Amino acid sequence: AIDPVVPSTGKRGRMTEDKEGTLAAIALREDDETLKPLEFLFASYEPQWWWWEIYICLKRIILTNVDFFLATAPKLQLISILAVVVVDLELTTSCAPYIEDSDDIFADIAQWCTVAILIFSIALEVEAIEPESSGVGLSFVLLLFAVIIAFVGYGIHYAWADLKDIPSHLLSVQKRLTIEKKVQKARCVVELETELRELGGHVRRSRSAEAGLDPTPEDDEYFCEVHCY
């Protein structure tokens, strides 16, 4: 099931109530072979919020078609987009749908950056500021960049424990891939040697039968073993 019941607790996994139970539910979901084709849609989300990717797609459809829905009211387009983003920010913050807490934080940061950009865009739209001016316009632009940098910096600081492990993680992945390649190569060599031995045994039995000899001779009785170097 996409939101399975944990056998040990008899409940569905909810991160705010039982983290261990939620992780167990995620493991059950990952082991369900029937969900593999659609796993990319919900793998990043907690079982409770498995449908969050559908919500994101609907939000994107709305945001990218505001100019169509409000073609007769262009001044309302940015305000409508801002309203959608603010609602989405509140939902993302309150629901925290991602399995990893760092993903929730980065989602919030992305939304706050979008809000800052939209506020700046609305100010330009209503001609409240002029970026070319050296007064309020320049200060507002600098403030916008400062807010974005602050949010991004906070996100990096929050997730630094995970980010600093990325190089070692990549190195371990590379080592594991190298080992897997060596194991695969060794397995191929063993399979080849086995096939050659079976082929050599088949040839010996065939020739022995033609000569009227024992069809199942001992090793090297008539023909030598085939070796692979």
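How each quantity is defined
- Residues numbered from 1 in each chain as written.
- Predicted model: local features only at pLDDT ≥ 70, side-chain atom pairs only at ≥ 80, totals over all residues.
- Heavy atoms only, no water.
- Helix = DSSP H or I, 4+ residues; strand = E, 2+ residues; numbered from the N terminus.
- Buried < 20%, exposed > 50% of the residue type's maximum accessible area, 1.4 Å probe, protein only.
- Contact = heavy atoms within 4.5 Å.
- Areas by Shrake-Rupley, 256 points an atom, 1.4 Å probe, with all protein chains shown as cover.
- Expected span 1.5 Å × (residues − 1).
- UniProt positions renumbered as here; feature names shortened; annotations may be inferred.
- Axes fitted to C-alpha atoms, helices over the stretch in contact; angles between N-to-C directions.
- Parallel < 35°, antiparallel > 145°, perpendicular 65-115°, else oblique.
- Left-handed = near helix turned anticlockwise from the far one by under 90°.
- Nonpolar A, V, L, I, M, F, W, Y, C, P; charged D, E, K, R; others polar.
- Lys, Arg positive; Asp, Glu negative; His and termini not counted.
- Salt bridge = Lys/Arg side-chain N within 4 Å of Asp/Glu carboxyl O.
- Patch = residues over 30% accessible without salt bridge, like charges linked within 9 Å, V, L, I, M, F, W, Y side chains within 5 Å.
- Phe/Tyr/Trp six-rings, centres within 6.5 Å; stacked < 30°, edge-to-face > 60°.

Please clarify how the overall build of the protein should be interpreted in this entry.
When you go through the protein residue by residue, the secondary structure sums to 9 helices and 2 strands. When the elements of the protein are put in sequence order from the N terminus, they spell out β-β-α-α-α-α-α-α-α-α-α. With 229 residues in all, the protein has 27% of them scored as buried. Sequence separation of 24 or more characterises 50% of the internal contacts of the protein that already satisfy a separation of 6 or more. When the accessible area of the protein is evaluated, it comes to approximately 15800 Å², of which 63% is carbon and sulfur surface.

How should I be thinking about helix H6 (residues 101-125) in this particular structure?
An α-helix turns once per 3.6 residues; consequently, residues spaced three or four apart project the same way. If you check H6, its first and last C-alpha atoms are 36 Å apart, about what 25 residues at 1.5 Å a residue would give, namely 36 Å. Of the residues one or two after H6, glutamate 127 is the one with positive phi, at around 60°.

I keep staring at unusual backbone geometry and nothing clicks. Help me out?
As a rule of thumb, non-glycine residues mostly have phi less than zero, and peptide bonds are mostly trans rather than cis. A positive phi angle, near 45°, is found at alanine 96, a position not held by glycine. Note on alanine 96: relative accessible area 24%, which makes it partly exposed.

Sorry, what's going on with the UniProt feature "transmembrane region" (unreviewed entry) in the protein here?
The sites that UniProt annotates as "transmembrane region" (unreviewed entry) are residues 49-71, 78-99, 105-124 and 136-160. Segment residues 49-71 splits into 74% helix and 0% strand. End C-alpha atoms: 34 Å apart. Taken end to end, residues 78-99 is 82% helix and 0% strand, and its first and last C-alpha atoms sit 32 Å apart.

Can you help me understand the packing of helix H5 (residues 75-95) against H6 in this one?
Packed helices, taken two at a time, are described by the angle between their axes plus the distance between the axes. It is the contact of H5 with H6, at a shortest axis distance of 10 Å, that shows an interaxial angle of 160°. As far as their axial angle goes, H6 and H5 are roughly antiparallel. When you trace H5 past H6, the crossing you get is left-handed. For the pair H5 and H6, the contacting residues are Leu78, Ile79, Ile81, Leu82, Val85, Val86, Asp88, Leu89, Thr92 and Thr93 in the first and Ala107, Asp108, Gln111, Trp112, Thr114, Val115, Leu118, Ser121, Ile122 and Glu125 in the second. When its residues are assigned to classes, the contact of H5 with H6 shows 12 nonpolar, 5 polar and 3 charged.

Could you clarify how one ought to interpret the side chain of aspartate 108 in this entry?
Of note, aspartate 108 is situated in helix H6. Buried within the structure, aspartate 108 lacks any salt-bridge partner; its nearest side chain of opposite charge belongs to lysine 59, at an N-O separation of 10 Å. The residues touching aspartate 108, leaving out its near neighbours within four places in the chain, are Leu89, Thr92 and Thr93.

Mind showing me how you'd approach the pattern of salt bridges here?
One side chain can pair with another of opposite charge once the charged atoms of both are near each other. The tally for this structure, following the rule as stated, stands at 2 salt bridges. Here lysine 59 makes a salt bridge to aspartate 88, at a shortest N to O gap of 3.0 Å. Of this pair, lysine 59 sits in helix H3 (residues 52-64) while aspartate 88 sits in helix H5, and the two are 29 residues apart along the sequence. Across the pair, aspartate 88 and lysine 59 agree in class, each one buried.

Can you walk me through H5 in this structure?
Taking 1.5 Å of rise per residue, 21 residues should cover 30 Å, and H5 covers 31 Å from first to last C-alpha, within 8% of that figure. For H5, the set of buried residues is Gln77, Ile81, Leu82, Val85, Asp88, Leu89, Thr92 and Cys95. Buried residues along H5 sit against H3, helix H4 (66-69) and H6. Two residues or fewer past H5, alanine 96 is found with a positive phi of approximately 45°.

Help me understand a nonpolar patch on the surface in this model?
A grouping of Trp50, Trp51, Ile54, Leu58 and Ile61 is seen on the molecular surface, where their side chains present a nonpolar patch of about 480 Å² in accessible area. Within the secondary structure, isoleucine 54 sits in helix H3.

Mind showing me how you'd approach the packing of aromatic side chains here?
Where two aromatic rings form a pair, the distance of their centres and the angle of their planes describe that pair. Enumeration over the complete set of coordinates arrives at 6 aromatic pairs. On the basis of an interplanar angle of 70° and a centroid distance of 5.6 Å, the ring pair of tryptophan 49 and tryptophan 51 is categorised as edge-to-face. Tryptophan 51 gets classed as partly exposed once you look at its relative accessible area, which sits at 33%. Considering the side-chain rings of phenylalanine 68 and phenylalanine 69, the 5.7 Å spacing of their centres and the 65° angle between planes classify their relative orientation as edge-to-face. Chaining the aromatic ring pairs together yields one cluster made of Trp49, Trp51, Trp52 and Tyr55.

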